[in-house]
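Take a look at the letters that make up each chain.
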Amino acid sequence: MSEEKSKPVPRPGIMDIAAYVPGKEHAPGVARVYKLSSNETPLGASPKAIEAFCESAGNLERYPDGQAIELRESIGAVHGLNPANIMCGNGSDELLGLLCHVYLGAGDEALITEHGFLVYKIQIMGAGATPVVVKEKDATVDVDAILAAVTPKTKMVFIANPGNPTGTYVPVSEIRRLHASLPKHVVLVLDAAYAEYVRRNDYEAGIEIVSSNPNVVMTRTFSKVYGLAALRVGWMYAPADIIDAVNRVRGPFNMNSAAISAGAAAIRDQAFVQEAVTFNQMWIEKMTVALEAVGLKVTPSVTNFVLIHFPDVDGKRAPEADAFLTSRGYILRAVKGYGFANALRMSIGPDEANRGVIEALGEFVGRKS
(Lines give C-alpha, C1' and ligand atoms only; values in the text may rest on other atoms or scores of the structure.)
Protein backbone atom coordinates (compact mmCIF):
# COMPACT_ATOMS: atom_id res chain seq x y z
CA MET A 1 0.00 0.00 0.00
CA SER A 2 1.37 3.40 -0.95
CA GLU A 3 2.15 5.89 1.78
CA GLU A 4 -0.69 8.35 2.39
CA LYS A 5 0.17 11.91 1.39
CA SER A 6 -0.11 14.59 4.06
CA LYS A 7 -1.38 17.31 1.72
CA PRO A 8 -2.63 17.86 -1.84
CA VAL A 9 0.15 17.55 -4.39
CA PRO A 10 0.14 19.37 -7.76
CA ARG A 11 0.55 17.16 -10.78
CA PRO A 12 4.10 16.60 -12.04
CA GLY A 13 5.68 19.63 -13.69
CA ILE A 14 3.56 22.37 -12.09
CA MET A 15 6.08 23.26 -9.40
CA ASP A 16 8.81 23.46 -12.04
CA ILE A 17 7.10 26.52 -13.54
CA ALA A 18 8.65 29.87 -12.64
CA ALA A 19 5.77 32.21 -11.82
CA TYR A 20 5.46 35.36 -13.92
CA VAL A 21 6.82 38.46 -12.18
CA PRO A 22 5.40 41.78 -13.43
CA GLY A 23 7.39 44.99 -13.56
CA LYS A 24 7.85 46.85 -10.29
CA GLU A 25 5.63 49.82 -9.54
CA HIS A 26 7.02 51.58 -6.48
CA ALA A 27 10.03 53.70 -5.58
CA PRO A 28 10.04 54.08 -1.78
CA GLY A 29 10.88 57.54 -0.53
CA VAL A 30 10.32 59.24 -3.88
CA ALA A 31 7.58 61.88 -4.11
CA ARG A 32 6.81 61.61 -7.84
CA VAL A 33 7.05 58.19 -9.49
CA TYR A 34 6.87 57.46 -13.21
CA LYS A 35 6.07 53.82 -13.93
CA LEU A 36 7.78 52.99 -17.23
CA SER A 37 8.05 49.25 -16.68
CA SER A 38 4.86 47.77 -18.15
CA ASN A 39 4.48 49.31 -21.63
CA GLU A 40 1.32 51.17 -20.67
CA THR A 41 0.24 54.06 -22.86
CA PRO A 42 0.85 57.54 -21.38
CA LEU A 43 -2.31 58.85 -23.06
CA GLY A 44 -4.63 56.58 -21.09
CA ALA A 45 -7.87 55.24 -22.55
CA SER A 46 -10.16 56.89 -25.07
CA PRO A 47 -12.74 59.17 -23.40
CA LYS A 48 -15.37 57.16 -25.28
CA ALA A 49 -14.10 53.95 -23.68
CA ILE A 50 -14.19 55.55 -20.24
CA GLU A 51 -17.76 56.73 -20.84
CA ALA A 52 -18.80 53.21 -21.88
CA PHE A 53 -17.11 51.77 -18.80
CA CYS A 54 -19.00 54.15 -16.51
CA GLU A 55 -22.33 53.38 -18.15
CA SER A 56 -21.84 49.67 -17.49
CA ALA A 57 -22.00 50.36 -13.73
CA GLY A 58 -25.78 50.58 -13.94
CA ASN A 59 -26.14 46.86 -14.70
CA LEU A 60 -23.76 45.15 -12.29
CA GLU A 61 -26.41 42.63 -11.23
CA ARG A 62 -26.51 41.11 -14.73
CA TYR A 63 -24.21 38.50 -16.19
CA PRO A 64 -22.10 39.74 -19.09
CA ASP A 65 -22.73 38.59 -22.64
CA GLY A 66 -20.97 35.23 -22.74
CA GLN A 67 -20.26 35.65 -26.45
CA ALA A 68 -18.95 39.25 -26.20
CA ILE A 69 -20.93 40.00 -29.36
CA GLU A 70 -20.65 43.79 -29.16
CA LEU A 71 -16.87 43.62 -28.84
CA ARG A 72 -16.40 40.96 -31.52
CA GLU A 73 -18.57 42.89 -33.97
CA SER A 74 -16.67 46.11 -33.27
CA ILE A 75 -13.33 44.39 -33.84
CA GLY A 76 -14.68 42.82 -37.01
CA ALA A 77 -15.95 46.15 -38.31
CA VAL A 78 -12.64 47.95 -37.73
CA HIS A 79 -10.43 45.20 -39.16
CA GLY A 80 -12.79 43.86 -41.84
CA LEU A 81 -13.10 40.44 -40.23
CA ASN A 82 -15.91 37.94 -39.72
CA PRO A 83 -16.86 38.09 -36.01
CA ALA A 84 -17.36 34.33 -36.11
CA ASN A 85 -13.58 33.98 -36.41
CA ILE A 86 -12.92 36.24 -33.42
CA MET A 87 -12.73 35.16 -29.79
CA CYS A 88 -12.29 37.57 -26.91
CA GLY A 89 -10.70 36.84 -23.58
CA ASN A 90 -9.48 38.07 -20.24
CA GLY A 91 -6.38 39.52 -21.85
CA SER A 92 -4.55 37.70 -24.60
CA ASP A 93 -2.85 35.72 -21.81
CA GLU A 94 -6.06 33.75 -21.27
CA LEU A 95 -6.34 32.96 -24.97
CA LEU A 96 -2.72 31.78 -25.14
CA GLY A 97 -3.43 29.50 -22.21
CA LEU A 98 -6.59 28.11 -23.79
CA LEU A 99 -4.73 27.34 -27.01
CA CYS A 100 -2.12 25.39 -25.04
CA HIS A 101 -4.83 23.60 -23.06
CA VAL A 102 -6.58 22.49 -26.25
CA TYR A 103 -3.63 21.61 -28.51
CA LEU A 104 -0.82 20.54 -26.17
CA GLY A 105 -0.31 17.69 -23.75
CA ALA A 106 2.27 15.38 -22.23
CA GLY A 107 4.91 14.38 -24.77
CA ASP A 108 4.28 17.38 -27.03
CA GLU A 109 6.72 20.20 -27.69
CA ALA A 110 6.11 23.87 -28.42
CA LEU A 111 8.76 26.19 -29.82
CA ILE A 112 9.46 29.60 -28.30
CA THR A 113 12.29 32.01 -29.02
CA GLU A 114 14.93 32.91 -26.44
CA HIS A 115 13.67 36.44 -25.79
CA GLY A 116 9.96 35.67 -26.24
CA PHE A 117 7.15 36.55 -23.82
CA LEU A 118 7.59 34.53 -20.60
CA VAL A 119 3.89 33.62 -20.49
CA TYR A 120 4.38 31.23 -23.43
CA LYS A 121 6.64 28.98 -21.39
CA ILE A 122 4.31 29.13 -18.40
CA GLN A 123 1.27 28.10 -20.43
CA ILE A 124 3.11 25.37 -22.32
CA MET A 125 4.34 23.79 -19.10
CA GLY A 126 0.93 24.26 -17.51
CA ALA A 127 -0.53 22.10 -20.28
CA GLY A 128 2.01 19.38 -19.51
CA ALA A 129 4.03 19.93 -22.68
CA THR A 130 7.69 20.81 -23.13
CA PRO A 131 8.86 24.28 -24.19
CA VAL A 132 11.81 24.24 -26.61
CA VAL A 133 13.77 27.48 -26.65
CA VAL A 134 15.18 28.58 -30.01
CA LYS A 135 17.99 31.11 -30.34
CA GLU A 136 17.31 34.52 -31.85
CA LYS A 137 19.70 36.44 -34.09
CA ASP A 138 20.53 40.03 -33.14
CA ALA A 139 17.53 40.06 -30.76
CA THR A 140 15.25 39.12 -33.67
CA VAL A 141 13.31 35.93 -34.36
CA ASP A 142 15.35 33.60 -36.60
CA VAL A 143 13.09 31.61 -38.91
CA ASP A 144 15.82 29.18 -39.95
CA ALA A 145 16.62 28.39 -36.32
CA ILE A 146 12.95 27.71 -35.63
CA LEU A 147 12.62 25.36 -38.60
CA ALA A 148 15.77 23.51 -37.53
CA ALA A 149 14.19 22.88 -34.11
CA VAL A 150 10.99 21.29 -35.44
CA THR A 151 10.63 17.60 -34.57
CA PRO A 152 7.80 15.06 -34.78
CA LYS A 153 6.87 16.17 -31.25
CA THR A 154 6.35 19.81 -32.26
CA LYS A 155 2.70 20.84 -32.02
CA MET A 156 2.86 24.62 -31.66
CA VAL A 157 5.15 27.57 -32.46
CA PHE A 158 4.90 30.93 -30.70
CA ILE A 159 6.12 34.10 -32.40
CA ALA A 160 5.88 37.50 -30.70
CA ASN A 161 5.85 39.92 -33.61
CA PRO A 162 6.93 42.56 -32.68
CA GLY A 163 8.97 41.03 -29.90
CA ASN A 164 8.94 41.92 -26.22
CA PRO A 165 11.30 43.04 -24.69
CA THR A 166 13.33 43.46 -27.88
CA GLY A 167 11.03 45.73 -29.89
CA THR A 168 12.17 44.06 -33.13
CA TYR A 169 9.94 42.52 -35.78
CA VAL A 170 9.89 39.87 -38.48
CA PRO A 171 8.83 40.86 -42.03
CA VAL A 172 5.70 39.20 -43.35
CA SER A 173 7.75 37.43 -46.04
CA GLU A 174 9.66 35.59 -43.29
CA ILE A 175 6.46 34.68 -41.46
CA ARG A 176 5.08 33.23 -44.67
CA ARG A 177 8.30 31.29 -45.25
CA LEU A 178 8.10 29.90 -41.73
CA HIS A 179 4.51 28.83 -42.13
CA ALA A 180 5.10 27.22 -45.52
CA SER A 181 7.78 24.98 -44.02
CA LEU A 182 5.89 23.90 -40.89
CA PRO A 183 3.98 20.60 -40.78
CA LYS A 184 0.27 21.17 -41.43
CA HIS A 185 -0.75 19.96 -37.97
CA VAL A 186 1.44 22.47 -36.13
CA VAL A 187 -0.35 25.56 -34.83
CA LEU A 188 1.50 28.81 -35.54
CA VAL A 189 0.59 31.46 -32.96
CA LEU A 190 1.36 35.05 -33.97
CA ASP A 191 1.25 37.29 -30.92
CA ALA A 192 0.79 40.81 -32.29
CA ALA A 193 0.30 42.70 -29.03
CA TYR A 194 2.16 45.74 -30.35
CA ALA A 195 0.95 45.65 -33.97
CA GLU A 196 -0.82 49.00 -33.80
CA TYR A 197 2.48 50.78 -33.23
CA VAL A 198 4.35 49.30 -36.20
CA ARG A 199 4.93 51.58 -39.16
CA ARG A 200 6.86 49.37 -41.59
CA ASN A 201 5.74 48.48 -45.11
CA ASP A 202 6.98 44.88 -44.81
CA TYR A 203 5.08 44.13 -41.59
CA GLU A 204 1.70 42.38 -41.33
CA ALA A 205 0.15 41.45 -37.99
CA GLY A 206 -1.19 38.11 -39.17
CA ILE A 207 -4.68 38.76 -40.49
CA GLU A 208 -3.84 37.78 -44.07
CA ILE A 209 -2.07 34.55 -43.20
CA VAL A 210 -4.79 33.49 -40.73
CA SER A 211 -7.46 34.15 -43.34
CA SER A 212 -5.90 31.74 -45.82
CA ASN A 213 -4.67 28.90 -43.59
CA PRO A 214 -6.23 26.43 -41.14
CA ASN A 215 -3.35 26.30 -38.65
CA VAL A 216 -2.49 29.94 -37.87
CA VAL A 217 -3.82 32.08 -35.01
CA MET A 218 -3.25 35.78 -34.33
CA THR A 219 -3.64 37.19 -30.81
CA ARG A 220 -4.03 40.89 -29.98
CA THR A 221 -4.55 43.02 -26.87
CA PHE A 222 -6.29 46.17 -25.67
CA SER A 223 -3.70 46.65 -22.91
CA LYS A 224 -1.24 48.69 -24.96
CA VAL A 225 -2.32 51.36 -27.45
CA TYR A 226 -5.97 51.21 -26.31
CA GLY A 227 -5.08 51.85 -22.65
CA LEU A 228 -7.36 49.18 -21.15
CA ALA A 229 -4.75 47.16 -19.26
CA ALA A 230 -6.79 47.34 -16.05
CA LEU A 231 -9.77 45.66 -17.71
CA ARG A 232 -7.87 42.73 -19.28
CA VAL A 233 -9.21 42.66 -22.84
CA GLY A 234 -7.66 40.45 -25.49
CA TRP A 235 -8.79 38.84 -28.71
CA MET A 236 -7.71 36.32 -31.27
CA TYR A 237 -8.48 35.82 -34.93
CA ALA A 238 -8.47 32.16 -35.88
CA PRO A 239 -9.86 29.56 -38.30
CA ALA A 240 -13.36 28.29 -37.53
CA ASP A 241 -12.15 24.87 -36.39
CA ILE A 242 -9.79 26.39 -33.83
CA ILE A 243 -12.46 28.80 -32.58
CA ASP A 244 -14.85 25.86 -32.19
CA ALA A 245 -12.34 23.76 -30.26
CA VAL A 246 -11.26 26.55 -27.89
CA ASN A 247 -14.86 27.62 -27.27
CA ARG A 248 -15.51 24.19 -25.77
CA VAL A 249 -13.18 24.89 -22.84
CA ARG A 250 -13.49 28.67 -22.57
CA GLY A 251 -15.27 29.87 -19.45
CA PRO A 252 -18.91 30.81 -20.18
CA PHE A 253 -18.48 34.40 -18.88
CA ASN A 254 -14.75 34.94 -19.31
CA MET A 255 -15.11 38.69 -19.89
CA ASN A 256 -16.90 41.23 -17.73
CA SER A 257 -19.47 43.68 -19.07
CA ALA A 258 -17.34 46.76 -18.46
CA ALA A 259 -14.47 45.26 -20.45
CA ILE A 260 -16.76 44.36 -23.34
CA SER A 261 -18.34 47.81 -23.53
CA ALA A 262 -15.13 49.77 -23.05
CA GLY A 263 -13.29 47.59 -25.56
CA ALA A 264 -15.97 48.09 -28.19
CA ALA A 265 -15.89 51.85 -27.73
CA ALA A 266 -12.08 51.96 -27.69
CA ILE A 267 -11.53 50.14 -30.95
CA ARG A 268 -14.09 52.26 -32.75
CA ASP A 269 -12.30 55.45 -31.68
CA GLN A 270 -9.48 55.12 -34.21
CA ALA A 271 -8.78 58.86 -34.13
CA PHE A 272 -7.65 58.46 -30.53
CA VAL A 273 -5.54 55.45 -31.47
CA GLN A 274 -3.80 57.47 -34.18
CA GLU A 275 -3.05 60.22 -31.67
CA ALA A 276 -1.40 57.66 -29.37
CA VAL A 277 0.60 56.13 -32.22
CA THR A 278 1.83 59.54 -33.41
CA PHE A 279 2.92 60.54 -29.90
CA ASN A 280 4.72 57.22 -29.49
CA GLN A 281 6.51 57.42 -32.84
CA MET A 282 7.83 60.87 -32.02
CA TRP A 283 9.24 59.75 -28.67
CA ILE A 284 10.65 56.41 -29.87
CA GLU A 285 12.80 58.36 -32.30
CA LYS A 286 13.74 61.04 -29.75
CA MET A 287 14.62 58.51 -27.04
CA THR A 288 16.75 56.42 -29.36
CA VAL A 289 18.75 59.39 -30.61
CA ALA A 290 19.16 60.92 -27.14
CA LEU A 291 20.25 57.71 -25.43
CA GLU A 292 22.71 56.83 -28.17
CA ALA A 293 24.09 60.37 -27.88
CA VAL A 294 25.13 59.70 -24.27
CA GLY A 295 26.85 56.46 -25.29
CA LEU A 296 24.19 53.82 -24.66
CA LYS A 297 23.14 51.16 -27.16
CA VAL A 298 19.45 50.95 -28.02
CA THR A 299 17.90 48.04 -29.91
CA PRO A 300 15.88 49.52 -32.83
CA SER A 301 12.22 49.37 -31.78
CA VAL A 302 8.90 49.43 -33.67
CA THR A 303 6.89 49.27 -30.43
CA ASN A 304 6.13 51.60 -27.52
CA PHE A 305 9.29 50.75 -25.60
CA VAL A 306 13.06 50.72 -26.03
CA LEU A 307 15.59 48.14 -24.88
CA ILE A 308 18.59 50.00 -23.45
CA HIS A 309 21.95 48.22 -23.14
CA PHE A 310 24.57 49.34 -20.63
CA PRO A 311 28.38 49.14 -20.64
CA ASP A 312 30.01 46.10 -19.08
CA VAL A 313 31.86 48.37 -16.68
CA ASP A 314 31.80 48.39 -12.89
CA GLY A 315 29.23 50.84 -11.64
CA LYS A 316 27.72 51.35 -15.10
CA ARG A 317 25.77 48.13 -15.60
CA ALA A 318 21.99 47.76 -15.77
CA PRO A 319 21.40 46.94 -12.07
CA GLU A 320 23.23 50.10 -11.02
CA ALA A 321 21.37 52.14 -13.64
CA ASP A 322 18.09 50.68 -12.41
CA ALA A 323 18.82 51.69 -8.83
CA PHE A 324 19.97 55.16 -9.93
CA LEU A 325 16.80 55.76 -11.95
CA THR A 326 14.51 54.36 -9.25
CA SER A 327 16.01 56.73 -6.69
CA ARG A 328 14.86 59.55 -8.94
CA GLY A 329 11.37 58.14 -9.45
CA TYR A 330 11.83 56.50 -12.86
CA ILE A 331 10.86 52.84 -12.80
CA LEU A 332 12.10 50.80 -15.77
CA ARG A 333 11.93 47.03 -16.30
CA ALA A 334 14.87 44.77 -15.55
CA VAL A 335 14.92 42.05 -18.22
CA LYS A 336 17.43 39.52 -16.90
CA GLY A 337 14.68 36.89 -17.05
CA TYR A 338 14.43 37.52 -20.79
CA GLY A 339 18.12 36.95 -21.37
CA PHE A 340 19.30 40.56 -21.09
CA ALA A 341 21.17 40.79 -17.79
CA ASN A 342 22.76 44.12 -18.73
CA ALA A 343 19.78 45.94 -20.19
CA LEU A 344 16.63 47.76 -19.10
CA ARG A 345 13.37 48.12 -20.98
CA MET A 346 11.76 51.54 -20.91
CA SER A 347 8.16 52.20 -21.89
CA ILE A 348 7.49 55.49 -23.61
CA GLY A 349 5.87 57.68 -20.97
CA PRO A 350 4.59 61.24 -20.74
CA ASP A 351 6.83 64.06 -21.98
CA GLU A 352 8.25 64.94 -18.59
CA ALA A 353 9.12 61.32 -17.78
CA ASN A 354 10.89 60.77 -21.08
CA ARG A 355 12.92 63.96 -20.69
CA GLY A 356 13.70 63.04 -17.11
CA VAL A 357 15.07 59.62 -18.05
CA ILE A 358 17.26 61.13 -20.76
CA GLU A 359 18.68 63.63 -18.29
CA ALA A 360 19.13 61.03 -15.55
CA LEU A 361 20.86 58.51 -17.78
CA GLY A 362 23.14 61.23 -19.12
CA GLU A 363 24.11 61.95 -15.54
CA PHE A 364 24.51 58.24 -14.74
CA VAL A 365 26.74 57.54 -17.72
CA GLY A 366 28.87 60.64 -17.15
CA ARG A 367 29.42 60.33 -13.41
CA LYS A 368 32.47 58.65 -11.92
CA SER A 369 32.05 55.08 -10.74
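Residues numbered from 1 in each chain as written. Predicted model: local features only at pLDDT ≥ 70, side-chain atom pairs only at ≥ 80, totals over all residues. Heavy atoms only, no water.

Taking an unreviewed UniProt entry as the reference, the chain is identified by name as Histidinol-phosphate aminotransferase belonging to Rhizobium tibeticum. Heading Subunit (unreviewed entry) of the UniProt record for the chain holds this comment: "Homodimer." (UniProt positions renumbered as here; feature names shortened; annotations may be inferred.)

J.: Before we move on, could you go through the overall build of the chain and cite the residues and values that matter?
T.: The helix and strand inventory of the chain stands at 12 helices and 13 strands. For 369 residues, the compact-globule estimate of 2.2 N^0.38 gives 21 Å, and the chain sits close to it at 21 Å. Across its three principal directions, the C-alpha atoms of the chain cover 60 × 55 × 55 Å. Here the chain holds 369 residues, and 53% of them are scored as buried. Counting every atom, the chain has about 16,800 Å² of accessible surface; 54% of that belongs to carbon and sulfur. Here the chain carries 36 positive and 40 negative side-chain charges, and the mean point of each set is 3 Å from the other. (Helix = DSSP H or I, 4+ residues; strand = E, 2+ residues; numbered from the N terminus. Rg over C-alpha atoms; globule rule 2.2 N^0.38 Å. Buried < 20%, exposed > 50% of the residue type's maximum accessible area, 1.4 Å probe, protein only. Areas by Shrake-Rupley, 256 points an atom, 1.4 Å probe, with all protein chains shown as cover. Lys, Arg positive; Asp, Glu negative; His and termini not counted. Charge placed at Lys NZ, Arg CZ, Asp CG, Glu CD.)

J.: An account of the sheet that holds strand S5 (residues 154-160) is requested, with residue identities and associated values reported.
T.: Backbone hydrogen bonds hold the strands of a sheet together, and the pairing may be parallel or antiparallel. Reading across from one edge, S2-S8-S7-S6-S5-S3-S4 is the order of the 7 strands in this open sheet, with mixed pairing throughout. The open sheet has two edge strands, strand S2 (86-90) and strand S4 (130-134), and neither has a second partner. Strand-to-strand, the axes of this sheet are offset by a mean angle of 25°, without reference to chain direction. Relative to strand S7 (residues 216-221), strand S6 (residues 187-191) is paired through 4 bridges, and the arrangement is parallel. Each residue of the ladder has a partner; that of Leu188, found in S7, is Val216. Sitting on the sheet, helix H3 (residues 91-103) touches S2, S5, S6, S7 and strand S8 (233-237), and the angle it makes with S2 is about 110°. (Pairing = 2+ DSSP bridges. Axes fitted to C-alpha atoms, helices over the stretch in contact; angles between N-to-C directions. Contact = heavy atoms within 4.5 Å.)

J.: Give a description of the packing of H3 against helix H8 (residues 240-247) that names residues and reports values.
T.: Close contact between H3 and H8 brings their axes to 9 Å; oriented N to C, the two are set at 90°. The pairing of H3 with H8 is recorded here as roughly perpendicular in orientation. Residue-level contacts link Leu98, Leu99, Val102 and Tyr103 of H3 to Asp241, Ile242, Ala245 and Val246 of H8. Among the residues forming the contact of H3 with H8, the class breakdown is 7 nonpolar, no polar and 1 charged. (Parallel < 35°, antiparallel > 145°, perpendicular 65-115°, else oblique. Nonpolar A, V, L, I, M, F, W, Y, C, P; charged D, E, K, R; others polar.)

J.: Help me get a handle on empty space enclosed by the protein, residues and values and all.
T.: Gaps between atoms show up when a probe of the same size as a water molecule is rolled over them. Under the defined criterion, the tally for this structure stands at 3 cavities of 30 Å³ or more. Considering the residues around the largest cavity, the lining is formed by 14 residues, among which Glu136, Val141, Ala160, Gly163 and Thr166 are closest to the centre. By residue class, the composition of the lining of the largest cavity is 5 nonpolar, 8 polar and 1 charged. (1 Å grid on protein atoms, 1.4 Å probe; cavity = no way out; pocket = protein on both sides within 12 Å on 5 of 7 lines; lining within 4 Å. Points joined across faces, edges and corners; volume = space filled by probe spheres on them.)

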